[in-house]
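Take a look at the letters that make up each chain.
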Amino acid sequence: MPYQSVGNRRNNVQFGVGRTVWVGTHPAAIPERILDMIPGGLAWLALFVLLGLAYFAPLAAILAAGLLAFYSAVRFSFAAVANLLGHKLIRRWEATDWQAEYARRATADSLPLDAVHHVVIIPNYREDIATLRRTLDHLARQRDAATSINIVLAMEVGEDGAVAKGQALQSEYGGCFENFLVATHPKGLSGEMQCKSANQAWAARWARRTMVDELGYNIDHLVITTMDSDTLWHPNYFEALRVLFATDPRRYATFWQAPIRYHGNVWAINPLMRILHAYSSAWELAYLAAPWWQALPMSSYSLSLRLLDSTGYWDPDVIADEWHMYIKSYFQRDGDVWLQPIFLPFYANATTGDTVLAAIKERYLQTLRHAWGAKEIGYTIAQMSENPQISFLGGFNLLFRVAHDNLLAGVGWIIMMFGMQFPMLFRPDVVRANLFTAPGLLLQISATIVTLLTLIFWAIDLRIRPPRPKPWTWGERLYELVSLPLIAVMTFLCVAMPVLHSQTRLMLGIPLQFRVAAKR
């Protein structure tokens, strides 16, 4: 059996995917069930309030929509500036000589570079072996892969043929890396759900026992990288990470995160969907590059094994594993944790579908699962109430970051969309008479700014995509151009609706069925 968690997670009784009961020696100050109702409850409250305002005070509804749209426009403008800064930083980091950088950064407290070893955990379930081979091929091309990179292929017993697939890849790629380990996560363990978090927690504990206790590696010299099975790292990522880990005095309190680009299969996905993925990539870069926003780990990231072990590893019953792990570490370490960007982008695969409807469905289901991260709002509030020794301002800043995007995509979207539509439905005369007054103009101008900046994000993404494997077809060009005027519709179908769906299920206590999105 792997080492047991030393964390203080209270959510250890599992009743279904995404549905837990907090237990422990101390009752929660606020019941989890109440906290889970916050995002969905606010969204539905906003809907009913807007219905009343639309009839009795239509200008108030329009003004609320306009003010929130103005806030979004300002936020998008800051994101555009952050993107320019981020692309400049990427060019600088790609030109860095990391051996020389180590010599420049090294102090008496730094670790020797050859003492640092990577442990790369690849959780996967029913993943096509060709995808895993592509991932391993890219990892094998990293600098010093054969002497510094240890692969942990995290398989699931619930997948037929998983053990055989893991052994086949171990035999095929074992000589490319320092060690190639295959961890097999049992099915149906108490307190777990079928999710990436449970798989990688099992694999990390198993790797700790194997590498530290059996092979004698120093736990303080091991840096863990957990990744999606389709992640394609920048060729210099692990060299840069090694240098940063070796020279950073806060190495045991740090998460490292690179910008994500959904370019792993960009030319294979439906052209209508590419603008949404360009938008997502732009925002992830903005959060990392902007000094005025707090970044959080996303998808694939790194941290020391010492930090992971001291905080009890990933909890096996959460979907937003990266945010949850950061929040958990923050409160367990009394706020002594931070995220360090590595401006070397990695590629990830976007959802696919054989038809437009299939592509929309897959993206909808992926967003539905990601939006379950709204549960972390309640978790953060609970941690703040249980850790009064931590600065309220620090905890609130983290809560604001966790809640912001979830609430803006839920209650915020309702206010911006229906703040104009409901008054138009119930009081069209008032709306027409005030289209060019301050509330109406504010809404229209703000919406235009947001749309234009989203198009700029798409144009930048188009420029930096990897080379096409074959020439454009006229049909593909047309589809991608059509996606531009349809951006509001696609955002509604693939972002706003699944977010509201997910938050409503969370509010009502309806478990979410975990499902891996189709990517190829």
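Residues numbered from 1 in each chain as written. Predicted model: local features only at pLDDT ≥ 70, side-chain atom pairs only at ≥ 80, totals over all residues. Heavy atoms only, no water.

Examining helix H2 (residues 38-56)
The following threshold applies: Strands are runs of DSSP state E lasting at least 2 residues, helices are runs of H or I lasting at least 4, and numbering of each runs from the N terminus. Every helix has an expected span of 1.5 Å times one less than the residues it contains. Exposure is judged per residue with a 1.4 Å probe applied to protein chains only, and the accessible area is read against the type maximum: over 50% gives exposed, under 20% gives buried, and values in between give partly exposed. The directions considered for the arc are those from the helix axis to the C-beta atoms. The contact definition used throughout considers only heavy atoms, calling two residues in contact when any of these lie within 4.5 Å.
Counted at 1.5 Å a residue, the expected span for H2 with its 19 residues is 27 Å, and the 26 Å between its end C-alpha atoms agrees. If you check which residues of H2 are buried, you get Pro39, Gly40, Ala43, Ala46, Leu47, Leu50 and Ala54. Projected down its long axis, H2 carries its buried residues within an arc of 120°, all on one side. Facing away from the buried side of H2 by more than 90 degrees, the exposed set consists of Leu45, Phe48 and Phe56. Where H2 is buried, its residues meet helix H1 (32-36), helix H3 (58-94), helix H14 (375-386), helix H15 (392-426) and helix H19 (487-508).

Let's talk about unusual backbone geometry
The residue Asp144 is not glycine, and still its phi comes out positive at about 60°. Tracing the backbone shows Asp144 in the loop between helix H5 (129-140) and helix H6 (145-148). Taking relative accessible area as the criterion, Asp144 reaches 36% and is therefore assigned partly exposed. The phi torsion at Asp334 lies on the positive side, around 55°, for a residue other than glycine. Here Asp334 is to be found in the loop between helix H12 (321-332) and strand E10 (338-341).

Description of the confidence of the model for the protein
Spelled out, the test is: The predictor's confidence in any single residue is recorded as pLDDT, a number from 0 to 100.
Scored by pLDDT, the protein has a mean of 91; 93% of the residues are at 70 or more. Ignoring residues within four places in sequence, the model shows residues 1-25, a span with pLDDT below 50, making 70 contacts including any to other chains.

So, a nonpolar patch on the surface
We apply this condition: Candidate patch residues must exceed 30% relative accessible area and have no salt bridge, after which like charges are joined if within 9 Å and Val, Leu, Ile, Met, Phe, Trp or Tyr side chains if within 5 Å. Calculation of accessible area relied on Shrake-Rupley with a 1.4 Å probe; when residues are assessed, cover is drawn exclusively from the protein chains displayed. Counted as salt bridges are all cases of a side-chain nitrogen of Lys or Arg within 4 Å of a carboxyl oxygen of Asp or Glu.
On the surface, a cluster of nonpolar side chains totalling about 790 Å² of accessible area is made up of Trp44, Phe48, Leu51, Tyr55, Phe56, Leu425 and Phe426. Within the residue set of the nonpolar patch, elements represented by two or more residues are H2 and H15. Examining the composition of the nonpolar patch, we find that five residues originate from one element, H2, more than from any other. Counting through the fold element by element, Phe48 comes out in helix H2. For Phe48, a relative accessible area of 55% puts it in the exposed group.

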